[in-house]
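Chain by chain, the residues run as shown.
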Amino acid sequence: MPQTVSLDAIEAPVVQRSDVIVVGGGPAGVSAAVAAARTGAEVTLLERYSALGGLASGGMVLVLDDMINGNEITVTGIVDEYVERMAKLGLAVYPPPEDRYSSPETWARWGRWGAFDFHSHTSPKPICYAVSFDPDGWKRVSNDLIRESGVNLRLHSWFSRPVVQDGAVKGVVCETKAGPQAVMGDVVVDTTGDIDVASRAGASYTQDNYLVTLVFRLGGVDTAAAERFEQENPREARAVNRKIKRMLGGAWELWWLKTPVPGVVWCNCPHMTGFDGTDPRSLTEAEFEARARIGAVLDHIKSDLPGFENAYLLDVAEQMGVRQTRLLQGEYVVTKDDIASRRHFTDSVARGRDYYTPYRALLPRGVDQLLVAGRHYSATPEAQRISREIPPCMAMGQAAGIAAATAVEQGLPVRDIDPTVIQHRMREQGADPGDIPAQNATVDQPEEAVA
């Protein structure tokens, strides 16, 4: 068998031309597409699956968190629109301000919703602003936002390769049931989660692995009975849950959480290491390994965990929860110290929990007219692991979309856009770009991080 196969150059019909192309319809991608359209650009959004939402829907990562700095809500903008719209549908739940503190009573009300500060070392952990939501609700809201913004959406379009001319990205080619198709534009935003576009366009990147998780949901759970058992028999409950987490091979502190749908619980597990999210063979092995663990746990909990006697497997996520693969090595590489010290940047265009993302961390080196937003932004592996939650990625996407549309409007390369313009337009769209440092921020001018 040959080690490689050489094929003739493909011919891909141009099916769309737009000012801005966004590749990847997850939370960051939808935010980028909507923000660019609201800034006045003609936008095409490409998504490989049959629905929008990425890890928030297909991956069923069903809690929005990592968006507070003390009592301040730091991640705002398009994420707020999702919460408001899902709440109106009865598909989002979050604690009211008066319950956001640490006490046994508030923990009993909100702990199993995942609405607590998981960075805190107090016991019980403080209840905070975090949102439990339904995955289909996320899909519905995504569709509404895309349609209302006038974005041209093309689902079932799997990115294949970039179109690069004279060092600038001019478009992309996707594989579809109709064959290869090209979409051309002035600026491309890579929100694939694995910098598929940027890496193939020649941008510098590093690669590392972290946890992968195949999330699942159980139906038929009497959550009131389960919580009552835990509260009345804490020692026995801890022993049962420890055994379940050992069977899963890894989980966060709470392996199941409540959801807005009565009787349905979310299980953000099993956590598995040693798998490569960019390798099809490795991902296949991860799928089989996860399902084996899920099956073993289901048989056990029905007999050993009160409230779960009638539990059944409702569904398993369509997408493996991959946390880290390729990471951009952009104009600035965010470090763990930047995150831990809450370093503020003058070109900050997005906020996370209590950290800031500079515009330079969205800019690839050596490739023009390309922006990157989402969990694959320019950061060291250690920094990315503590700054990759969905809300901060959405803020990055919103900033990237505004930057892309601004570049088209002003006729400039994306790397020449003044960050203060992005900051101003982020605020016009209801988002906090992090231009004003919080009181606990480290305000200085750091040296360039070394790739």
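Below is a short write-up of the structure. (Residues numbered from 1 in each chain as written. Predicted model: local features only at pLDDT ≥ 70, side-chain atom pairs only at ≥ 80, totals over all residues. Heavy atoms only, no water.)

## Focus on the overall build of the protein chain
Looking only at helices and strands, the protein chain features 12 helices and 25 strands. Against the globule reference of 22 Å for 451 residues, the protein chain gives a C-alpha radius of gyration of 22 Å, in line with a compact fold. Across its three principal directions, the C-alpha atoms of the protein chain cover 65 × 60 × 40 Å. Going through the 451 residues of the protein chain one by one, you find that 59% of them count as buried. Across the protein chain, contacts joining residues at least 24 apart in sequence account for 74% of those joining residues at least 6 apart. If you sum the accessible surface of the protein chain, you get close to 18,600 Å²; carbon and sulfur atoms cover 48% of it. (Helix = DSSP H or I, 4+ residues; strand = E, 2+ residues; numbered from the N terminus. Rg over C-alpha atoms; globule rule 2.2 N^0.38 Å. Buried < 20%, exposed > 50% of the residue type's maximum accessible area, 1.4 Å probe, protein only. Contact = heavy atoms within 4.5 Å. Areas by Shrake-Rupley, 256 points an atom, 1.4 Å probe, with all protein chains shown as cover.)

## Topic: the packing of aromatic side chains
What the rule picks out here adds up to 8 aromatic pairs. Their ring planes at 55 degrees and their centres at 5.0 Å tell us that Trp107 and Phe116 sit as a pair that is tilted. The exposure class assigned to Phe116 is buried, which follows from its relative accessible area of 11%. With centroids separated by 5.9 Å and ring planes inclined at 35 degrees, the aromatic side chains of Trp255 and Phe308 adopt a geometry described as tilted. Remark: Phe308 occurs in the loop between α8 (280-304) and β18 (312-316) and Trp255 occurs in the loop between α7 (234-248) and β15 (257-258); sequence separation between them is 53 residues. Residue Trp255 is classed as buried on the basis of its relative accessible area of 1%. On the basis of relative accessible area, Phe308 is assigned to the buried category, the value being 0%. (Phe/Tyr/Trp six-rings, centres within 6.5 Å; stacked < 30°, edge-to-face > 60°.)

## Some remarks on the pattern of salt bridges
All chains considered together, the criterion is met by 27 salt bridges. We note a salt bridge from Arg85 to Glu148, for which the minimum N-O separation is 2.8 Å. In this pair, Arg85 sits in helix α2 (residues 78-88) while Glu148 sits in helix α4 (residues 135-149), placing the two residues 63 residues apart along the sequence. The partly exposed category is assigned to Arg85, whose relative accessible area is 26%. (Salt bridge = Lys/Arg side-chain N within 4 Å of Asp/Glu carboxyl O.)

## Details of the environment of Val20
Relative to the assigned elements, Val20 resides in strand β1 (residues 14-23). With relative accessibility at 0%, the residue Val20 sits in the buried group. With 308 residues separating them along the chain, Val20 and Leu328 place their C-alpha atoms 20 Å apart. For Val20, the contacting residues outside a window of four places in its chain are Ala36, Ala41, Glu42, Val43, Thr44, Val187, Val189, Ala404, Ala405 and Val408.

The analysis is restricted to geometry; functional conclusions fall outside its scope.
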